[in-house]
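# Architecture and fold: a report
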Amino acid sequence: MKKEITYALDYALNKGFQIHPNAFRLLENLDVKQLEKIIKEIVREKKKQNLYLINQDDLELFLGIKTDETLRSDCQVEYDPTPNITSAEGVNGFGMLFSSRFLKLKQIILTRPEAKMLKPISSVLSEKSKNDTYVCGLVVQRSSERNVSKVTVEDPSGSMELVVFDKDLQAVADSLMVDQFVMARIVAGKNGGFIAKDLIFPDIPDHHSNRSETETYAVFLSDLHVGSQYFMEAELNALVSWLSEPDPIARKVRFLIIGGDVVDGVGIYPNQDKELVCQTVDEQLEKLERIISKIPKNIKVIISPGNHDPGRRALPQPALPQKYNTNLWSHENIILVGNPAIISLNGVKVLIFHGQSIDDIVKTTPGLSYAKPANVMRHLLRARHLSPIYGGQTPIAPEKEDMLTIDEVPDIFHVGHVHVVDLDLYKNILLINSGTWQKQTPFQQSVGVNPTPGIAVVVNLKTFKVYTKDFPA
Ligand code: D5M
Ligand code: FE
Ligand code: ZN
């Protein structure tokens, strides 16, 4: 008997386990690499279940010969903007968009006790009461000079300038994003102005995250940029092959989520054609489809678009249009959703957003950088909005309803765009920025974006334990 098998048997027997003769026969006939690791894994799992017999089924399961049918893999699309996208044109459209934003976020802030004292800005301006009052609105502008910060907020009744003297509160005021929603506690100043005493965000309330009943795993990816000469085809193929390997974690993956920039697109930036290996979107999507179709069919693949993908550039974006690649739509295990979208994986709510707004936020908010996108994600959650800044680099469509507010509290917030893997936890929400499968481009080098390519983020949906799996070049 081989040394590794003797070791594995001794290990299990010493832990009080019996080994069924069929399992024994299977071991003898197999050339099993990493047998020690596998036996330890089986012993650990079975001990948890208080079962002390290792049978053929257990071995087959852990060796990846057999799939675990008890693992749940229930995927529901809870929110997809695609059918609601209308693109109402013109100024009136934006008026409706902002009024929708104000109303939706006010609804959220109304759950806070202070909100009972909220007054319309116009009545506060006329009353000039000496007492503390609360107002809320969207930030129109902010400035900071010498020792004073100023914030102008607007509600449907009017707008007012708030002056901030307190040092700590100034830091909060200076980090406000233009067009974000905020509530303020204010008092009338002696010279007729108003002083902000507190700035309150809609934010995330105490939150207990939903968990999967079974130890099902999900893989989070974004920014593949298929079609670009910098796309890391070999590394992505290695990830796809891993999904079929007898690795104990790979065997439990049932979901794979791609958060946008699945292809590099055409005409996205000047002279892009010189950096493309596939010159049409059809070709790019075909290549994407060839790779994705090698993913085992028991894994559901959810695809949401980004700024490089076809459809429309402005947020919210519809799902990849069927006209470019009908085949992508015909796979039973592929689900196409818009950007943003909410899906439920075994009850775990995942908010998917490509992350276009990060560009504008990093440029205008002190202390934030491309190297730490999870910090930007915290700002978005506090503002309960995915793309607050209007009129910057991120195009936002004049929809009647603001579909970029974060109405429901997610369990996982998945963002991409920045090409840097970053993980964090905010109020029990798992924050994932899922990096990229594209090498650093000359443009990214010129603007100082240092990507972390070829890393897959893998999450146990029961424990929320996160693994990063590196597929180096
Ligand atoms: O974006 C890839 C990365 O490049 C992401 O971190 C944003 C950054 N980026 C994109 N456009 C610009 C501009 N104009 N200035 C600075 N940084 C930028 P991707 O969406 O994959 O092209
Ligand atoms: Fe990208
Ligand atoms: Zn992007």
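Each chain carries its own residue numbering, running from 1 in the written order of its sequence. Here the convention is simple: chains get letters from A, ligands get numbers from 1, in the order in which they are written. It should be noted that, the model being predicted, local features are given only for residues of pLDDT at least 70 and side-chain atom pairs only at 80 or more, the latter also being counted only at that level, while totals for whole chains, interfaces and linings use all residues. To obtain the side-chain values, all non-hydrogen atoms of the structure were used and water was disregarded.

With that settled, the discussion passes to the sheet that holds strand 17 (residues 429–434). Pairing is mixed across the open sheet formed by 6 strands, whose spatial order is 3-13-14-15-17-16. Whereas interior strands pair on both sides, the edge strands pair on one side only; in this sheet they are strand 3 (75–79) and strand 16 (421–426). Each neighbouring strand pair of the sheet contributes to a mean axis angle of 20°, computed without reference to strand direction. Contacts from helix 12 (residues 373–383) reach strand 15 (412–415), strand 16 and strand 17, with the element oriented near 40° to strand 16. Only strands joined by at least two bridges in the DSSP assignment are considered to pair. Numbering goes from the N terminus for both helices and strands, where a helix is a DSSP run of H or I of at least four residues and a strand is a run of E of at least two. For helices, the axis comes from a line fit to the C-alpha atoms of the stretch in contact; other axes are also lines fit to C-alpha atoms, and the angle between any two N-to-C directions lies between 0 and 180 degrees. Residue contacts are defined here by distance: any two heavy atoms, one from each residue, within 4.5 Å place the two residues in contact.

What follows covers the site of ligand 1. Being near a molecule or strand, for a residue, comes down to having at least one heavy atom within 4 Å of it. Near ligand 1 lie 16 residues; those nearest to it are Asp-261, Asn-307, His-308, His-417 and His-419. In the model, an oxygen atom of ligand 1 is placed 2.8 Å from a nitrogen or oxygen of the Asn-307 side chain. Throughout this description, a polar contact denotes any pair of N or O atoms lying within 3.5 Å of each other; where both atoms belong to protein, one of them has to be capable of donating a hydrogen while the other can accept it, and for residues adjacent in sequence the pair is counted only when both atoms sit in side chains. The contact in question runs from an oxygen atom of ligand 1 to an N or O atom on the side chain of His-417, over 3.0 Å. With residues, only the protein chains shown are counted as cover, and all accessible areas are computed by Shrake-Rupley using a 1.4 Å probe. Within the complex, the protein chains bury 82% of what would otherwise be the 470 Å² of accessible surface of ligand 1. At the level of secondary structure, the elements contributing two or more residues to the shell around ligand 1 comprise helix 11 (358–364) and helix 13 (442–447). At 3 residues, the largest contribution of residues to the shell around ligand 1 is made by helix 13. Only Asp, Glu, Lys and Arg are considered charged, only Ala, Val, Leu, Ile, Met, Phe, Trp, Tyr, Cys and Pro nonpolar, and every remaining residue, Gly among them, polar. For the shell around ligand 1, the per-class residue count stands at 5 nonpolar, 7 polar and 4 charged.

This next bit is on the coordination of the iron ion (ligand 2). Protein-derived ligands of the iron ion (ligand 2) are Asp-223 (OD), His-225 (NE2), Asp-261 (OD) and His-419 (NE2), with the metal-ligand distances lying across 1.9 to 2.3 Å. All donors of the iron ion (ligand 2) belong to a single chain; written as a sequence motif, their spacing is D-x1-H-x35-D-x157-H. In this structure, the iron ion (ligand 2) lies 3.1 Å from the zinc ion (ligand 3), and both are coordinated by Asp-261. The same class applies to Asp-223 and to His-225, which are both buried. Donor atoms are limited to N, O and S found within 2.8 Å of the metal ion, a distance that becomes 3.2 Å for Na, K and Ca. With water left out, some sites might look partial. Relative accessible area decides the class of each residue, using a 1.4 Å probe on protein chains only: under 20% of the type maximum gives buried, over 50% gives exposed, and in between gives partly exposed.

Around the zinc ion (ligand 3), the protein contributes the donor atoms Asp-261 (OD), Asn-307 (OD1), His-354 (NE2) and His-417 (ND1), at 2.2 to 2.3 Å from the metal centre. Each donor residue of the zinc ion (ligand 3) lies on one chain, and together they are spaced D-x45-N-x46-H-x62-H. With a relative accessible area of 13%, Asn-307 lands in the buried category. When its relative accessible area of 14% is taken as the criterion, His-417 is described as buried.

Here we come to helix 2 (residues 21–28). Within the sequence span of helix 2, burial applies to Ala-23, Leu-26 and Leu-27. The buried residues of helix 2 occupy one face: seen down the axis, they fall within an arc of 100°. The arc in question is the one spanned by the directions pointing from the helix axis to the C-beta atoms.

Before going further, it helps to examine the packing of aromatic side chains. Stacked, tilted and edge-to-face pairs are distinguished by plane angle, under 30 degrees for stacked and over 60 for edge-to-face with tilted covering the rest, among Phe, Tyr and Trp rings (Trp via its six-membered ring) whose centres lie within 6.5 Å. As enumerated under the stated definition, the model contains 8 aromatic pairs in all. With a centroid separation of 5.7 Å and an interplanar angle of 85°, the aromatic rings of Phe-98 and Tyr-390 are classed as edge-to-face. Placement of Phe-98 in helix 5 (residues 91–109) and of Tyr-390 in the loop between helix 12 and strand 15 is noted, with a sequence separation of 292 residues between them. Consider the rings of Phe-102 and Phe-181, whose centres lie 5.8 Å apart with planes at 55°: the pair is tilted. In this pair, Phe-102 sits in helix 5 while Phe-181 sits in strand 7 (residues 181–188), placing the two residues 79 residues apart along the sequence. An identical accessibility class is assigned to Phe-102 and Phe-181; each is buried. Every member of this aromatic cluster is reached through a ring pair, and the members are Phe-94, Phe-98 and Tyr-390. Only Lys NZ and Arg CZ are tested; either one counts as a charge over a ring when it is within 6 Å of the ring centre and within 35 degrees of the ring normal. Here the guanidinium or amino end of Arg-211 rests over the ring plane of Phe-464, the centre of that ring lying 3.9 Å away.

For helix 12, a buried count of 8 out of 11 residues is recorded, marking the element as mostly surrounded by other parts of the structure. Within the sequence span of helix 12, burial applies to Pro-373, Ala-374, Val-376, Met-377, His-379, Leu-380, Leu-381 and Ala-383.

Here we have 6 strands laid out as an open sheet, ordered 12-11-10-9-18-19, and mixed in their pairing. Where the open sheet ends on each side, the last strands, each with one partner, are strand 12 (334–336) and strand 19 (466–470). Each neighbouring strand pair of the sheet contributes to a mean axis angle of 20°, computed without reference to strand direction. Of the pairings in the sheet, the one linking strand 10 (residues 253–259) to strand 11 (residues 300–304) comprises 5 bridges and is parallel in character. Paired with Phe-255 across the bridge in strand 11 is Lys-300.

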